[in-house]
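This is what each chain is made of:
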Amino acid sequence: MDHKQSVGLEAAKHVKDGMVVGLGTGSTATFFIRELGRRIKEENLGIRGVSSSLACSLLARSEGVPLVPPDQIDRIDLYVDGADEVDPAKGLIKGRGAAMVGEKLLAEACDRFIVIVDEGKLVQRLGAKFPVPVETMPAASTFVQRGIAALGGKPVLRLAPGGKDGPVVSDNGNLILDVTFAGTPDWNAIDAALNGLPGVVGHGLFLRYASKSTVLVGSPGGVRVLA
Ligand code: 5RP
């Protein structure tokens, strides 16, 4: 079985009847959502899902997972999602799918966060393989790029592959800058600085959720919990 599939199925075992469940975006989260759909149909599991993106909502609907809008719930029992990088302290980079703003809402609102990845996502330090995606209001893009450069980052506007000319436009109508930082950046300082930069809607550094996170890692030997 594909390692992304095995962690998706494993995470779905943690979902109990009556839960409000945060649904992630991406290929690994897709396995989780499909398994939830199966359990709803075959085991009569009663849950309400909260979507992290348009792609996630479309998938949840097609799999028969009932959705409630994020602004109609007070809290989420369990949020399950993939990540692009995971460091030993369970810090994450997310946002390859440009869904990190919706995803961070769920990470904030949940009691428990299960991160589902394969071994290839584990890094010794964040930024080793993947840039930090930053969602910017279109009108603020030049200003934001200057601000990012002042922090030592190199922003590159994310372009849409095939199907559409020009940039990727997020579910919120914004642009995505993929930002690399040379050397060994102070990620906590960069997190705070990006949060304080006008025009930035959100970004893919998830540093504040480790205490409520469990990282499930799909590997050739099976699924293990990151210690
Ligand atoms: C989307 C995300 C995804 O969770 C992340 O990119 C992992 O995706 P995949 O499971 O396809 O590797 O952050 O914005």
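Computed from a prediction, not measured in an experiment: that's the story for all the values here.

Novice: An account of the overall build of the protein chain is needed here, citing residue identities and associated values.
Specialist: Of the regular secondary structure elements, the protein chain holds 6 helices and 13 strands. Here the protein chain has a C-alpha radius of gyration of 17 Å; the compact-globule value for 227 residues is 17 Å, and the two agree. With respect to the three principal axes, the spread of C-alpha positions in the protein chain is 55 × 35 × 35 Å. Of all 227 residues assigned to the protein chain, the portion counted as buried reaches 53%. Within the protein chain, residue pairs in contact and separated by at least 24 positions form 74% of the contacts whose partners lie at least 6 positions apart. For the protein chain, the exposed area adds up to about 10300 Å²; of that, 55% sits on carbon and sulfur atoms. Taking the average location of the 25 positive side-chain charges in the protein chain and that of its 25 negative ones, the two points are 2 Å from each other.

Novice: Break down unusual backbone geometry for me, with residues and values.
Specialist: With glycine set apart, most residues show a phi of negative sign, and most peptide bonds adopt trans. The phi torsion at lysine 90 lies on the positive side, around 65 degrees, for a residue other than glycine. Position of lysine 90 relative to the elements: it lies in the loop between β4 (85-86) and β5 (92-93). Although it is not a glycine, alanine 98 sits at a positive phi angle of roughly 60 degrees. Looking at the secondary structure, you find alanine 98 in the loop between β5 and α4 (100-109). We classify alanine 98 as buried; its relative accessible area is 10%.

Novice: Quick rundown of the site of the ligand? Include the residues and the values.
Specialist: Near the ligand, the surroundings consist of 17 residues, among which Ser27, Thr28, Asp84, Gly95 and Lys121 are the closest. Within the contact set of the ligand, an oxygen atom lies 2.5 Å away from a side-chain nitrogen or oxygen of serine 27. A distance of 3.4 Å separates an oxygen atom of the ligand from a polar atom in the backbone of glycine 82. Burial of the ligand by the protein chains amounts to 98% of its free accessible area of 380 Å². Its residues placed into classes, the shell around the ligand shows 3 nonpolar, 7 polar and 7 charged.

Novice: Summarise the sheet that holds β5; cite the residues concerned and give the values.
Specialist: Strand order in the open sheet made by the 3 strands is β4-β5-β11, with antiparallel pairing throughout. The two strands at the open ends of the sheet, each matched to only one other strand, are β4 and β11 (205-206). As judged from the 2 bridges shared by β4 and β5, these two strands associate in the antiparallel manner. Within the sheet, the bridge partner assigned to valine 86 lies in β5 and is leucine 92.

How each quantity is defined
Residues numbered from 1 in each chain as written. Predicted model: local features only at pLDDT ≥ 70, side-chain atom pairs only at ≥ 80, totals over all residues. Heavy atoms only, no water. Helix = DSSP H or I, 4+ residues; strand = E, 2+ residues; numbered from the N terminus. Rg over C-alpha atoms; globule rule 2.2 N^0.38 Å. Buried < 20%, exposed > 50% of the residue type's maximum accessible area, 1.4 Å probe, protein only. Contact = heavy atoms within 4.5 Å. Areas by Shrake-Rupley, 256 points an atom, 1.4 Å probe, with all protein chains shown as cover. Lys, Arg positive; Asp, Glu negative; His and termini not counted. Charge placed at Lys NZ, Arg CZ, Asp CG, Glu CD. Near = heavy atom within 4 Å. Polar contact = N/O pair within 3.5 Å; in protein donor to acceptor, adjacent residues only side chain to side chain. Nonpolar A, V, L, I, M, F, W, Y, C, P; charged D, E, K, R; others polar. Pairing = 2+ DSSP bridges.

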